[in-house]
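Below are the chains, spelled out letter by letter.
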Amino acid sequence: MSFREEHELHKRRFGRNLGLGLVLGGFVALVFGLTVAKVTDGDFKVPTQQQEGR
């Protein structure tokens, strides 16, 4: 059983998909890193409920 050679169009499409996947993965890593840095900074405090006028 032999496979046909992959068409040149599929090779180019795979390259574009791989590039886009890497860019999206980098963006996710950047957002995750910024979130971790903000939460672990020490300035981050969970808002507490405040009573109004009492």
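Since this is a predicted model, take the numbers as computed values, not measurements.

Thresholds applied
- Residues numbered from 1 in each chain as written.
- Predicted model: local features only at pLDDT ≥ 70, side-chain atom pairs only at ≥ 80, totals over all residues.
- Heavy atoms only, no water.
- Helix = DSSP H or I, 4+ residues; strand = E, 2+ residues; numbered from the N terminus.
- Buried < 20%, exposed > 50% of the residue type's maximum accessible area, 1.4 Å probe, protein only.
- Areas by Shrake-Rupley, 256 points an atom, 1.4 Å probe, with all protein chains shown as cover.
- UniProt positions renumbered as here; feature names shortened; annotations may be inferred.
- Salt bridge = Lys/Arg side-chain N within 4 Å of Asp/Glu carboxyl O.
- Patch = residues over 30% accessible without salt bridge, like charges linked within 9 Å, V, L, I, M, F, W, Y side chains within 5 Å.

Let's shift gears to the overall build of the protein. Within the protein, the regular secondary structure consists of 1 helix and 0 strands. Looking at the protein as a whole, 0% of its 54 residues are labelled buried. Of the accessible surface of the protein, which amounts to about 5900 Å², a share of 61% is contributed by carbon and sulfur atoms.

Following the UniProt record, one finds the feature "transmembrane region" (unreviewed entry) at residues 20-37. Across residues 20-37, the secondary structure splits into 100% helix and 0% strand, with the terminal C-alpha atoms separated by 26 Å.

We now examine the pattern of salt bridges. Per the stated rule, a full pass over the model turns up 1 salt bridge. When the shortest N-O distance is used, the salt bridge between Glu8 and Arg12 registers 3.1 Å. Taken together, the positions of Glu8 and Arg12, both in helix 1 (residues 8-39) and 4 residues apart, correspond to about one turn of that helix. We classify Arg12 as partly exposed; its relative accessible area is 42%.

Let us now look at a nonpolar patch on the surface. Together, Phe27, Val28, Leu30, Val31 and Leu34 give the surface a local cluster of nonpolar side chains, amounting to about 510 Å² of exposed area. Looking at the secondary structure, you find Val31 in helix 1.

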